[in-house]
Amino acid sequence: MTGNTFFNIGRQSLGLTVLAACPALLSASPAAPSAAHRQNGKDSPDARRPNIVVILADDLLSSELGCYGGRNIKTPNIDRLAAEGVRFTHNYASQAISCPIRASLYTGLYPAHHGTYQNHKYTFPGTRTVNEYIADEGYRVGRTGKTHPSPSSVYKFEEIPGFVQNCVAKEAPFSTDGIKEWIEKDGAMPFCLFVCSINPHAPWTWGDPSEFCPDSLKMPEICVDSPEMRKIFCKYLAEVRALDNEVGAVMEVLETTGKLDDTIVMFLGENGPQFPGGKWTLWYPGVGSALVARYPRGIRPGTVCDAIVQYEDILPTFIDIAGGRPRKELDGVSFKSALFGKSDRCRKYAYGIHNNITEGSPYPVRSIRDSRYALILNLLPDSLYFEKGFMTGKSAVWSAYRKASETDPHADFLCRRYLQRPAVEFYDLENDPWEMDNLAGRKEYRRRIARMRKALEKWMESQGDPGIPMDVPFVNQ
């Protein structure tokens, strides 16, 4: 389907279409344990299978990390993972909002298939997650910290104390004692642990901003350059420092327990920050995400991988590493070969989806990107974008942007592009990595835009995604 017909499927058909397109919801029984751990019983460990620890940031502008070229802060612990492992340059969140992208991480499904395609919308009942898939392979699965998404009847993590769960808490003290106890309580079984930080999620009240000098900052392209925003950015960087400290503490407990070199330690940047052009958008600062991983038994130190990967690919990769068979019901694909340096390819395209309810008024957006170009479709281009979190006068960020726009042309551009967007945006990522120069009207790109749009619409159809009718109010049950 193409054009208006594609984007105007009736609301009644949405649920039926999505459910029919999601075979994971129809899977009634867990898969049999793999042969690798059937030899001496289901829970027998295989020494060749690593433990897995995922450390997940919250609203991180990944370009600020030292290993990603950051100029304002040294992040020695995250940089160590990159120096001793691999750094991916094209990892993308399919949706730049915490609940949807974490659901994708845990389920291996795109948002339309797992059901959390709007923030705080419940995942479809019966959806299988890492808790079932990795447990089937003989792993213990645990989580500490932020608890999104919901409901708990789907996300059956063994919850571990030590890290703050509420992402808008003003303080974020932590302890790794719970992690240490959990790791040591059953040393015979491999484990998969998610450490979910709340840093650097707003309100940016944790850490020590005095470490940074406002006048010395190199402001990122999506930020207005004003005294107010420089002070705000110091507070943001203070929480990036806290995040890096957490990574160091987790590494230390793995070393103390003798598990470090037997563990794949993966750091993920989640989605972008709560700045206009970051979170809640499908531009690079919103969906571009750090992915670094260390595992000396399989990952060569100091490598860089340009393979395109998405959060939906992480669960299939873990299943593959654990020795499990490929799961056709998952949207993601394993990038184990890329992780271990045997390939520089994973997928041709990365896809993106944004639905704005519950964040504000409806504003559905879809995107597709490859290693060179990004195509973004704004499905309600005649509407003004509105995000209630910081456009209601309560946010110092939006106030700083609006004030700067009165005298600074770049700030005025940033505000205008955020509020009103054309139907089609097209960017050359090589020459315009921050996606500021829309090339959609250029004749020389018409064929490429048409080709990528066709691929995007085919993906939407496969997802049961009708576009505009998906971004409507909902009630969790």
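Residues numbered from 1 in each chain as written. Predicted model: local features only at pLDDT ≥ 70, side-chain atom pairs only at ≥ 80, totals over all residues. Heavy atoms only, no water.

## Quick look at the overall build of the protein
- When helices and strands are counted, the protein shows 14 helices and 12 strands.
- Counting all 477 residues of the protein, 61% fall into the buried class.
- For the protein, the share of sequence-separated contacts (at least 6 apart) that also reach a separation of at least 24 residues comes to 73%.
- For the protein, the exposed surface amounts to about 18,800 Å²; the carbon and sulfur share of it is 50%. (Helix = DSSP H or I, 4+ residues; strand = E, 2+ residues; numbered from the N terminus. Buried < 20%, exposed > 50% of the residue type's maximum accessible area, 1.4 Å probe, protein only. Contact = heavy atoms within 4.5 Å. Areas by Shrake-Rupley, 256 points an atom, 1.4 Å probe, with all protein chains shown as cover.)

## Observations regarding the nonpolar core
- By size, the foremost hydrophobic cluster in this structure holds 77 residues, and its most contacted members are Leu-65, Met-229, Phe-233, Phe-267, Phe-275 and Tyr-401.
- Per element, the largest residue contribution to this core is 14 residues, and it comes from helix 8 (residues 227–256).
- Excluding anything up to four places from it in sequence, Leu-65 contacts Leu-60, Gly-70, Thr-75, Ile-78, Asp-79, Val-240, Phe-267 and Ala-290. (Core = buried A, V, L, I, M, F, W, Y, C linked by side-chain atoms within 4.5 Å.)

## Describing the sheet that holds strand 6 (residues 263–268)
- What the eight strands build is an open sheet, ordered 4-3-5-1-6-7-2-8; its pairing is mixed. Each of the sheet's edge strands pairs with one partner strand only, and the pair in question is strand 4 (158–159) and strand 8 (303–310).
- Taken together, the five bridges between strand 2 (residues 86–92) and strand 7 (residues 288–294) define a ladder with antiparallel strand orientation. Residue Arg-87 lies in a different strand from strand 7, and its bridge partner there is Val-292.
- Along the sheet, helix 3 (residues 76–83) makes contact with strand 2, strand 6 and strand 7, crossing strand 7 at roughly 65°.
- Where helix 7 (residues 177–184) meets the sheet, its contacts fall on strand 3 (140–145), strand 4 and strand 5 (191–196), and the angle it forms with strand 5 comes to roughly 170°. (Pairing = 2+ DSSP bridges. Axes fitted to C-alpha atoms, helices over the stretch in contact; angles between N-to-C directions.)

## Remarks on the environment of Glu-435
- Tracing the sequence through the fold places Glu-435 in the loop between strand 12 (424–428) and helix 14 (446–463).
- A relative accessible area of 1% places Glu-435 in the buried class.
- When the C-alpha atoms of Glu-435 and Ala-374 are compared, they prove to be 8.4 Å apart, with 61 residues separating the residues in sequence.
- Those residues within four positions of Glu-435 in sequence are excluded, and the remaining contacts are Leu-282, Trp-283, Tyr-284, Arg-369, Ala-374, Ile-376, Arg-417, Tyr-427 and Leu-429.
- In terms of polar contacts, Glu-435 uses its side chain to reach the side chain of Arg-369, at 2.8 Å. (Polar contact = N/O pair within 3.5 Å; in protein donor to acceptor, adjacent residues only side chain to side chain.)

## Let's talk about the pattern of salt bridges
- This model, assessed by the stated rule, comprises 25 salt bridges.
- The salt bridge involving Arg-369 is made with Glu-435; its shortest N-O contact spans 2.8 Å. Note that Arg-369 is positioned in strand 10 (residues 365–369) and Glu-435 in the loop between strand 12 and helix 14, a separation of 66 residues in sequence.
- Look at Arg-369 and you get buried, because its relative accessible area is 3%.
- Through salt bridges that share partners, Asp-58, Arg-102, Lys-146 and Glu-270 make up one connected network. (Salt bridge = Lys/Arg side-chain N within 4 Å of Asp/Glu carboxyl O.)

## A short note on the confidence of the model for the protein
- Per-residue pLDDT for the protein averages 91, and the proportion of residues at 70 or more is 90%.
- Across residues 1–46, where pLDDT falls below 50, the model places 86 contacts with residues more than four positions away in sequence or in other chains. (pLDDT = per-residue confidence, 0-100.)

## Let's talk about the packing of aromatic side chains
- The tally for this structure, following the rule as stated, stands at 27 aromatic pairs.
- A ring pair is formed by Tyr-106 and Phe-157, whose centres lie 4.8 Å apart and whose planes are at 65°; its orientation type is edge-to-face. Of this pair, Tyr-106 sits in helix 4 (residues 98–107) while Phe-157 is found in the loop between strand 3 and strand 4, placing the two residues 51 residues apart along the sequence.
- When its relative accessible area of 9% is taken as the criterion, Phe-157 is described as buried.
- The structure contains a cluster of three or more aromatic residues connected by ring pairs, namely Trp-280, Tyr-363, Tyr-385, Phe-390, Trp-398 and Tyr-418.
- The side chain of Arg-128 reaches across the aromatic face of Tyr-133, ending 4.5 Å from its centre.
- It is Arg-421 that lies over the ring of Tyr-385; its NZ or CZ is 4.5 Å from the centre. (Phe/Tyr/Trp six-rings, centres within 6.5 Å; stacked < 30°, edge-to-face > 60°. Lys NZ or Arg CZ within 6 Å of the ring centre and 35° of its normal.)

## Re the pairing of strand 9 (residues 350–354)
- Counting buried positions along strand 9 yields five of five residues, so the element is predominantly enclosed.
- By the alternation rule, side chains of strand 9 split into Ala-350, Gly-352 and His-354 and Tyr-351 and Ile-353, which are all buried.
- Of the pairings in the sheet, the one linking strand 9 to strand 10 comprises five bridges and is antiparallel in character. Paired with Ala-350 across the two strands is Arg-369, which belongs to strand 10.

## Re the packing of helix 3 against helix 8
- With their axes 7 Å apart at the nearest point, helix 3 and helix 8 run at an angle of 55° to one another. Between helix 3 and helix 8, the interaxial angle falls into the category oblique. Here Pro-76, Asn-77, Ile-78, Arg-80 and Leu-81 of helix 3 lie close against helix 8, whose contacting residues are Arg-241, Leu-243, Asp-244, Asn-245, Val-247, Gly-248, Met-251 and Glu-255. (Parallel < 35°, antiparallel > 145°, perpendicular 65-115°, else oblique.)

## Section: the environment of Lys-259
- Within the fold, Lys-259 resides in the loop between helix 8 and strand 6.
- By relative accessible area, Lys-259 is classed as buried at 17%.
- Lys-259 sits 75 residues away from Glu-184 along the chain, and the two C-alpha atoms are 9.8 Å apart.
- In contact with Lys-259, other than residues within four places in its own chain, are Asn-51, Ile-183, Gly-187, Phe-191 and Leu-254.

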